[in-house]
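Coordinate inspection notes
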Amino acid sequence: MESAVFILTAASSLGVFLFRGQTKYYFSLFLHILLIVTASSWAFRALSAGGLMQFNLLERAGFLLPVNIDSLSAFFLVVINLTILMGVLYANGYLKLYRQTQSERQLSFHHLALLWLHLSMILVCTLRGRTAFLISWELMAVAAFGLVVFEGERKDILKTGYAYLLQIQMGFAFILAALLIAGSQGYSFGFDSLGAYFTTHKPLPVFLLFFIGFGSYAGFVPLHSWLPQTQLTAPTHVSAILSGVLTPMGLYGILRVLTYIHTDLAPIALLLLAFSLLSGLVGSRNTFLQHDGKKLLAYNSITNTGIIGIGIGAGLLGLAFNLPALAALGFTGGILHIANHALSKSLLFFGVGAIYRSTHTRNIDQLGGLIRTMPKTSFLFLLGTLALCGLPPFNGFVSEFLIYRGLIKGLTLHTGVLNLVIWAVFSGLTLLSGFTVMGFRKVFETVFLGTPHSDSAARAQEVTDDLLVPQWLASLFILTIGIWPTFFLKLTGNVVALYVTDLHPIGAAVPMLVYVGSMGATLVGAALFVLWIRTKPQKPVHIDCHSPNSFRKPKKEHEFG
């Protein structure tokens, strides 16, 4: 039944060209909901069936397209569906002005590309054989290109889109080469050939090809050059989806390959840790040099790719040196951070979009004082920054705490070199956390506190509910994971079980997680109370907007981006 619905939804996607105006949006929303219900039912059935579900997607049509859904696929399906849902809901309000300036054909192509991005990501997570995965991967890349060049009449946007497509195609070539090598000696062509290939060959050379191919999508440095400008160029709801789930599809590819690797774990772990630390530090350094809010968040996506990679690399290191706590907690923290980052980053992109709709600028230096004129957006943005900084009681704290605890538990007195590596990773992760907290504190102060720095900031008003509801939805999940981590750790543990046999360290970490989280939440709450006291609404400030010295004149920006 679900297969028929999936195929019908794909075939019906062209129906967006038959509708006009708001009806077009509601039709596409209906199709997205069908995809969400279908893919989510697959995910939960796979988890309830012990982590594996197999069927032929095209059985009713008389063709063979085998689908394999394990706990890793199910986890990504849930994250994809939730992020897409929030993005599509946000698009309803954000596309209002575009409906006045863009043609019906452009809007139809936009909705079609978003639908096929959703479809293709579901297929990427569920197909493993032969050319099916590669075709789905290409569909995903082309659909994302269509979303990025939504305003394709502008040459700079087209240039950004082609640069993205070129680099992604280069990554695709490395993925193809790795699969060809693995299938060159009589093995089946696809992921299923990797298990047999890696039992007779050293995995490191082929894994390196996969890492370059998938890593270019994930945004690992130095394969990241396409990412900041692409997320800056796309409409805000698309930027949230690109950052929240499209770039993590590269991480899905790496995690999928790792399920077949059982040797050479130490060099692979060191490789992943080195590039993850490099990505985190480069992303963190560039994040807070930006003045455009969207570009700032885009560079921070690179930082979080590094944090996720650190967790996965630490888990591999634990497997290589038989350290169960490091293995279980590293993988759990890294994989859970994929979901946490998707939620937090979506919320922050939505916040930047709301600010842009109200002030017509993304230049943070031209803002200020928005906590008085946009209190709801200010509160939600603050919640997102606290989550992204890894502070309790928010979701980011849970995943980062597990990685830290795993690294501490991994310290062993009998292996000096391993201790040195772990201390280096621990120090690097601490630097990333510190830079993130200090940087976002400065951003929040500049944008929301103090006095307005431009006429547009002084005249800002709170945005409408259609732009706020998706932010509240993201906030709900952020708080739920942070306050009730046990349930989500159990779900993530099903994924970690693909790599680690001993999951007891996850349960053992919960009491300390709750204790530290409670203490930290108390301190964060006290700090927020002091902030509220300092920023209570005061008498209105009357400003002579006609005086040439009232404000610095804001830089001219594109009207809707």
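Whatever comes next refers back to the structure up there.
About the cut-offs
Residue positions are given per chain, counting from 1 as you read along its sequence in written order. This being a predicted model, a pLDDT of at least 70 is required before a residue's local features are given, and a value of 80 or more before pairs of side-chain atoms are given or counted; all residues contribute to the totals for chains, interfaces and linings. The basis for every side-chain value is the complete set of non-hydrogen atoms in the structure, without hydrogens or water. Under the DSSP-based scheme used, a helix requires at least four consecutive residues in state H or I and a strand at least two consecutive residues in state E, with every element numbered from the N terminus. As defined in this context, the radius of gyration uses C-alpha atoms, and a globule is described by 2.2 Å times the residue total to the power 0.38. Exposed residues in this analysis have more than 50% of their type's maximum accessible area, buried residues have under 20%, and partly exposed residues fall in between, with area computed by a 1.4 Å probe over protein chains only. Contacts: residue pairs with any heavy atoms within 4.5 Å of one another. Values of accessible area rely on a 1.4 Å probe in the Shrake-Rupley scheme; residue burial ignores everything except the protein chains shown. Counting rule for charge: Lys and Arg are taken as positive, Asp and Glu as negative, and neither His nor the chain ends is counted. Throughout, a charge is located at the NZ atom of Lys, the CZ atom of Arg, the CG atom of Asp or the CD atom of Glu. Note on pairing: DSSP must find at least two bridges between two strands before they are called paired. A patch consists of residues whose relative accessible area exceeds 30% and which take part in no salt bridge; residues with like charges are grouped when within 9 Å of each other, and nonpolar side chains (Val, Leu, Ile, Met, Phe, Trp, Tyr) when within 5 Å. A side-chain nitrogen of Lys or Arg and a carboxyl oxygen of Asp or Glu constitute a salt bridge if their distance falls within 4 Å. Definition of nonpolar core: a set of buried residues of the types Ala, Val, Leu, Ile, Met, Phe, Trp, Tyr and Cys, connected through side-chain atoms within 4.5 Å. The definition of a polar contact used here is a pair of N or O atoms within 3.5 Å, where within protein one atom must be able to donate a hydrogen and the other to accept one, and adjacent residues in sequence count solely through side-chain atom pairs. Each axis is a line fitted through C-alpha atoms, and for a helix only the stretch in contact is used; angles between axes span 0 to 180 degrees, taken between their N-to-C directions. In these notes the angle categories are as follows: under 35 degrees is roughly parallel, over 145 is roughly antiparallel, 65 to 115 is roughly perpendicular, and the rest is oblique. Three categories are distinguished: nonpolar for Ala, Val, Leu, Ile, Met, Phe, Trp, Tyr, Cys and Pro, charged for Asp, Glu, Lys and Arg, and polar for the others, with Gly belonging to the last. In this scheme, a helix's expected span is set at 1.5 Å multiplied by one less than its residue total. Here is the rule for handedness: rotate from the far helix to the near one, and if that takes an anticlockwise turn smaller than a right angle the crossing is left-handed, while a clockwise turn gives right-handed. Centres within 6.5 Å are what make two rings of Phe, Tyr or Trp a pair, Trp counting through its six-membered ring; a difference in plane orientation under 30 degrees is then read as stacked, over 60 as edge-to-face, and the rest as tilted. Charges are assigned to positions over rings by a cutoff of 6 Å between ring centre and Lys NZ or Arg CZ, combined with an angular limit of 35 degrees from the ring normal.

Let us look at the overall build of the protein. The helix and strand inventory of the protein stands at 23 helices and two strands. Rg of the C-alpha trace for the protein: 23 Å, near the compact-globule value of 24 Å for 561 residues, within the 12% margin. If you line up the protein on its principal axes, its C-alpha atoms span 75 × 60 × 40 Å. Out of the 561 residues belonging to the protein, those deemed buried represent 60%. Put simply, 79% of the contacts in the protein that link residues at least 6 apart link residues at least 24 apart. Carbon and sulfur atoms make up 68% of the accessible area of the protein, which totals about 22300 Å². Each charge sign in the protein was given a centre, from 35 positive and 22 negative side chains, and these centres are 4 Å apart.

Let us look at the pairing of strand β2 (residues 66–70). A regular strand carries its side chains on alternate faces of the sheet. Summarising burial for β2: four of the five residues are buried, a large majority. Of the pairings in the sheet, the one linking strand β1 (residues 52–56) to β2 comprises five bridges and is antiparallel in character. Within the sheet, the bridge partner assigned to Asn56 lies in β2 and is Pro66.

Taken together, the side chains of Leu281, Leu431, Phe435 and Met438 make up a nonpolar region of the molecular surface, amounting to roughly 360 Å² of accessible area. Broken down by element, the nonpolar patch gets its largest block of residues, three residues, from helix α19 (residues 416–448). Its location among the elements puts Leu281 in helix α13 (residues 265–287).

Before going further, it helps to spend a moment on the nonpolar core. The tendency in soluble globular proteins is for nonpolar side chains to be buried side by side. Core analysis: the largest hydrophobic core is formed by 136 residues, its most contacted members being Trp137 and Tyr164. Counting residues per element, this core draws most heavily on helix α6 (residues 130–148), at eleven residues. Apart from the residues lying within four places of it in its own chain, the contact partners of Tyr164 are Met140, Ala141, Ala144, Phe145, Tyr217, Trp226, Thr230 and Leu246. Formed by 51 residues, the second largest nonpolar core is a distinct cluster that contains Tyr90, Ala387, Phe394 and Ala460.

Pairing of side chains with opposite charge becomes possible as their charged atoms draw close. Here the structure, examined in full by the defined rule, presents nine salt bridges. Of the charged contacts, one joins Asp156 and Arg154 as a salt bridge, the two residues approaching to 2.8 Å between their closest N and O atoms. Here Asp455 makes a salt bridge to Arg459, at a shortest N to O gap of 2.9 Å. Using a relative accessible area of 54% as the deciding quantity, one classes Arg459 as exposed.

A separate point is the environment of Asp502. You can see Asp502 is positioned in the loop between α22 (485–496) and α23 (504–534). The sequence separation of Asp502 and Ala325 amounts to 177 residues, and the corresponding C-alpha distance is 8.3 Å. Not counting the four nearest positions on each side in its chain, Asp502 is found in contact with Pro324 and Ala328. At 2.8 Å, the side chain of Asp502 and the side chain of His504 are in polar contact.

Another point: the packing of helix α14 (residues 293–320) against helix α15 (residues 324–359). The contact between α14 and α15 brings their axes to 7 Å, and the two run at 170°. Between α14 and α15, the angle falls in the class roughly antiparallel. For the contact of α14 with α15, the residue count by class is 16 nonpolar, eleven polar and two charged.

So, about unusual backbone geometry. Of note, the amide linkage connecting Val221 to Pro222 takes the cis form, showing an omega dihedral of 10°. By secondary structure assignment, the location of Pro222 is in the loop between α9 (203–218) and α10 (226–233). Residue Pro393 is bonded to the preceding Pro392 through a cis peptide linkage, with omega at 5°. Along the chain, the position of Pro393 falls in the loop between α17 (375–388) and α18 (395–409). Residues other than glycine seldom take positive phi values, yet Asp264 does so here, at roughly 60°. Following the sequence through the fold, Asp264 ends up in the loop between α12 (248–258) and α13. Of note, the phi angle at Asn322 is positive, near 55°, even though the residue is not glycine. Relative to the helices and strands, Asn322 is located in the loop between α14 and α15.

Let us look at α6. With 19 residues, α6 should cover 27 Å at 1.5 Å per step; its first-to-last C-alpha distance of 29 Å lies within 8% of that length. Of all the residues in α6, the buried ones are Ala132, Phe133, Leu134, Ser136, Trp137, Met140, Ala141, Ala143, Ala144, Phe145, Leu147 and Val148. Check the buried side of α6 and you find it contacts α5 (104–126), α7 (155–182), α9, α10, α11 (236–246) and α12.

Time to look at the side chain of Ser28. Tracing the backbone through its elements, the reader meets Ser28 in helix α2 (residues 21–48). There is a polar contact of 3.3 Å between the side chain of Ser28 and the side chain of His111.

On to the packing of α13 against α14, then. At a minimum axis separation of 7 Å, α13 and α14 run at an interaxial angle of 160°. Here α14 runs roughly antiparallel to α13, going by the angle between their axes. Two packed elements cross with a definite hand, and for α13 against α14 that hand is left-handed. Per-class residue counts for the contact of α13 with α14 are 18 nonpolar, twelve polar and no charged.

Glancing now at the environment of Ala314. Among the structural elements, Ala314 can be located in helix α14. Assessed through its relative accessible area of 2%, Ala314 is described here as buried. A C-alpha to C-alpha distance of 12 Å links Ala314 and Tyr499, two positions 185 residues apart in sequence. Ala314 has contacts with Leu273, Leu326, Gly330 and Leu407, leaving out every residue within four places of it along the chain.

Here the focus is the packing of aromatic side chains. Overall, the coordinates contain 35 aromatic pairs when judged by the stated rule. Relative to Tyr94, the ring of Tyr90 has its centre 5.6 Å away and its plane inclined at 25°; by these criteria the two rings are stacked. Residue Tyr90 and its partner Tyr94 are both found in helix α3 (residues 71–94); the two are separated by four residues, about one turn of the helix. The pair Tyr90 / Tyr94 is uniform in exposure class, with both members buried. Each member of the aromatic cluster is reached from another via a ring pair, and the members are Phe133, Trp137, Tyr164, Phe191, Phe210, Phe214, Tyr217 and Trp226. The ring of Tyr94 carries the charged tip of Arg357 above its face, separated from the ring centre by 4.0 Å. The cationic tip of Arg362 hangs over the ring face of Tyr356; the distance from NZ or CZ to the ring centre is 5.1 Å.

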